[in-house]
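Read off the chains here:
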Amino acid sequence: MTPNTGGPAFPHQSSDAIRAGMTLRDYFAAKAMGALLVDPLWQGNTTGTVAAIAYEMADAMLRAREQK
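Worth saying up front: this structure is predicted, and the values here are computed from it rather than measured.

Engineer: Looking at this structure, I do not really get the overall build of the chain. What am I missing?
Structural biologist: Within the chain, the secondary structure is distributed over 2 helices and 2 strands. In the chain, the succession of α and β elements from N to C terminus is β-β-α-α. For the chain, long-range pairs separated by at least 24 residues make up 36% of all intrachain contacts whose partners lie at least 6 apart in sequence.

The structure is reproduced here in structure tokens:
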């Protein structure tokens, strides 16, 4: 199943096209990962584990947006 990406995080229009940039899901995951990495409880985990959890958190944030 393809995850909900939330669409572009920071779309902008230039004279010739609309550039989407990163998805909202990627933006949320990056924010979550940053918070996890500064927490001493998470610093012993592998980067793959932290990344997977960050995307789980991003998916939860996108679901919460759908429920508002």
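Engineer: Can you walk me through the packing of helix α1 (residues 24-37) against helix α2 (residues 47-66) in this structure?
Structural biologist: Geometry of a packed helix pair, given as the angle between the helix axes and the separation of the axes. Axis separation between α1 and α2 bottoms out at 8 Å; the angle between their running directions is 125°. Put simply, α1 runs oblique to α2. Crossing hand, α1 versus α2: right-handed. Here α1 contributes Leu24, Arg25, Asp26, Phe28, Ala29, Ala32, Met33, Leu36 and Leu37 to the contact with α2, which in turn contributes Val50, Ala51, Ile53, Ala54, Tyr55, Met57, Ala58, Asp59, Met61, Leu62 and Arg65.

Engineer: What am I meant to see in the nonpolar core here?
Structural biologist: Where a protein is soluble and globular, its nonpolar side chains tend to be buried together. Counting 11 residues, the largest nonpolar core consists of Ala9, Leu24, Phe28, Ala29, Ala32, Leu36, Val50, Ile53, Ala54, Ala58 and Leu62. For this core, the secondary structure elements donating two or more residues are α1 and α2.

Engineer: Looking at this structure, how should I read the environment of Tyr27?
Structural biologist: Relative to the helices and strands, Tyr27 is located in helix α1. For Tyr27, a relative accessible area of 26% gives the class partly exposed. Tyr27 sits 28 residues away from Tyr55 along the chain, and the two C-alpha atoms are 9.8 Å apart.

Engineer: So what exactly am I meant to see when it comes to the pattern of salt bridges here?
Structural biologist: Close approach of charged atoms lets side chains of opposite charge pair. The full count for this structure, using the stated rule, is 1 salt bridge. As a salt-bridge pair, Asp59 and Arg25 come within 2.5 Å of each other at their nearest N and O atoms. Of this pair, Asp59 sits in helix α2 while Arg25 sits in helix α1, and the two are 34 residues apart along the sequence. Exposure remark for Arg25: the relative accessible area of 16% places this residue in the buried category.

Engineer: Would you explain the environment of Ala35 in this entry?
Structural biologist: Relative to the elements of secondary structure, Ala35 occurs in helix α1. C-alpha separation for the pair Ala35 and Ala54, spaced 19 residues apart in sequence, amounts to 9.1 Å.

About the criteria used
- Residues numbered from 1 in each chain as written.
- Predicted model: local features only at pLDDT ≥ 70, side-chain atom pairs only at ≥ 80, totals over all residues.
- Heavy atoms only, no water.
- Helix = DSSP H or I, 4+ residues; strand = E, 2+ residues; numbered from the N terminus.
- Contact = heavy atoms within 4.5 Å.
- Axes fitted to C-alpha atoms, helices over the stretch in contact; angles between N-to-C directions.
- Parallel < 35°, antiparallel > 145°, perpendicular 65-115°, else oblique.
- Left-handed = near helix turned anticlockwise from the far one by under 90°.
- Core = buried A, V, L, I, M, F, W, Y, C linked by side-chain atoms within 4.5 Å.
- Buried < 20%, exposed > 50% of the residue type's maximum accessible area, 1.4 Å probe, protein only.
- Salt bridge = Lys/Arg side-chain N within 4 Å of Asp/Glu carboxyl O.

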